[in-house]
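Listed here are the chains, written in short residue letters.
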Amino acid sequence: MQIKILIIIPAYNEEESIKGVILDLQKSNKAYDIIIINDGSIDKTSEIARKEKNVIVIDLPSNVGIGGAVQTGFIYAYRHNYDIAVQFDGDGQHAANEISKIIAPIKAKKADCVIGSRFLNNKKGFQSTLIRRIGIKIFEYVNSILIKQKITDNTS
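On a predicted model such as this, the values are computed, not experimentally measured, just so you know.

Quick one: what's the story with the overall build of the protein, residue by residue and with numbers?
Within the protein, the secondary structure is distributed over 5 helices and 4 strands. Beginning at the N terminus, the succession of helices and strands in the protein can be written as β-α-β-α-β-α-β-α-α. Referenced to the eigenvectors of the C-alpha coordinate spread, the extents of the protein come out at roughly 45 × 40 × 30 Å. Taken over 156 residues, the protein has a buried fraction of 33%. Put simply, 61% of the contacts in the protein that link residues at least 6 apart link residues at least 24 apart. As displayed, the protein has an accessible area near 10,200 Å², and 55% of this comes from carbon and sulfur atoms. Here the protein contributes 21 positive and 17 negative side-chain charges, whose respective centroids are spaced 7 Å apart.

Quick one: what's the story with the pairing of strand 3 (residues 55-59), residue by residue and with numbers?
Across 5 bridges, strand 2 (residues 33-38) lies against strand 3 in parallel orientation. Across the sheet, residue Asn 38 finds its bridge partner in strand 3, namely Asp 59.

Lay out a nonpolar patch on the surface in plain terms, naming residues and giving numbers.
On the surface, a cluster of nonpolar side chains totalling about 940 Å² of accessible area is made up of Leu 130, Ile 131, Ile 134, Ile 138, Tyr 141, Val 142, Ile 145, Leu 146 and Ile 147. Tracing the sequence through the fold places Ile 131 in helix 5 (residues 130-147).

With reference to specific residues and values, describe the sheet that holds strand 1 (residues 5-11).
What the 4 strands build is an open sheet, ordered 3-2-1-4; its pairing is parallel. Both outer strands of the open sheet, strand 3 and strand 4 (84-87), are each paired with one neighbouring strand and no more. Across the sheet, the mean angle from the axis of one strand to that of its neighbour is 20 degrees, orientation sign disregarded. Sheet contacts for helix 4 (residues 99-107): strand 1 and strand 4; angle to strand 4, the most-contacted strand, approximately 145 degrees.

Tell me about the pattern of salt bridges, residues and numbers included.
Counted by the stated rule, this structure contains 5 salt bridges. Between Glu 98 and Lys 101 there is a salt bridge, with the nearest N and O atoms lying 3.3 Å from each other. Among the residues examined, Glu 98 registers a relative accessible area of 36% and is labelled partly exposed. Judged by relative accessible area, Lys 101 falls into the exposed class, the value being 55%.

Explain the side chain of Asp 39 residue by residue, including any values.
Tracing the sequence through the fold places Asp 39 in the loop between strand 2 and helix 2 (45-50). Buried and unpaired, Asp 39 has no salt bridge, with Arg 50 as the nearest side chain of opposite charge at 13 Å. Ignoring any residue separated from it by four or fewer positions in sequence, one finds Asp 39 in contact with Ala 11, Tyr 12, Leu 60, Ser 62, Asn 63, Val 64, Gly 65, Ile 66 and Ala 69.

Break down the environment of Ala 77 for me, citing the residues and quoting the values.
Relative to the assigned elements, Ala 77 resides in helix 3 (residues 66-79). What makes Ala 77 buried here is its relative accessible area of 5%. Counting along the chain gives 72 residues from Ala 77 to Ile 5, while the straight-line C-alpha distance between them is 8.7 Å. When neighbours within four sequence positions are excluded, Ala 77 is seen to be in contact with Leu 6, Tyr 82 and Ala 85.

So, how was this worked out
Residues numbered from 1 in each chain as written. Predicted model: local features only at pLDDT ≥ 70, side-chain atom pairs only at ≥ 80, totals over all residues. Heavy atoms only, no water. Helix = DSSP H or I, 4+ residues; strand = E, 2+ residues; numbered from the N terminus. Buried < 20%, exposed > 50% of the residue type's maximum accessible area, 1.4 Å probe, protein only. Contact = heavy atoms within 4.5 Å. Areas by Shrake-Rupley, 256 points an atom, 1.4 Å probe, with all protein chains shown as cover. Lys, Arg positive; Asp, Glu negative; His and termini not counted. Charge placed at Lys NZ, Arg CZ, Asp CG, Glu CD. Pairing = 2+ DSSP bridges. Patch = residues over 30% accessible without salt bridge, like charges linked within 9 Å, V, L, I, M, F, W, Y side chains within 5 Å. Salt bridge = Lys/Arg side-chain N within 4 Å of Asp/Glu carboxyl O. Axes fitted to C-alpha atoms, helices over the stretch in contact; angles between N-to-C directions.

Structure representation (structure tokens):
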């Protein structure tokens, strides 16, 4: 049985990167379905995404924020009977070739949910602001206490 996998890309004003993100995903695995949740962008994000083959685009009428955009994608995945849904950023910071590692535990029925981390093995790549890093550390500490498990990228 073929597993249905949906890649959910919340996008707000990503006209500079969205085409590259889509092409990277399609190159990585042609079996992925891709949905762009255009979160009220005022640039050409939607127009550029619509030009790419095999891409679904949902245009939200206004900017509802990443939470609302991601929820829209998960609702779409649920209503269309996807087995796995993956949130993937539209700004190009995520590597499409890493998705297979993320979904492997789900396919193997070892996990129901997997959270990727930008901070494992490569501390030199993504770098957020000092205030954001402090906030991430606080959330990491609190979440580790609450769920009794270390999470290295709580904002992922």
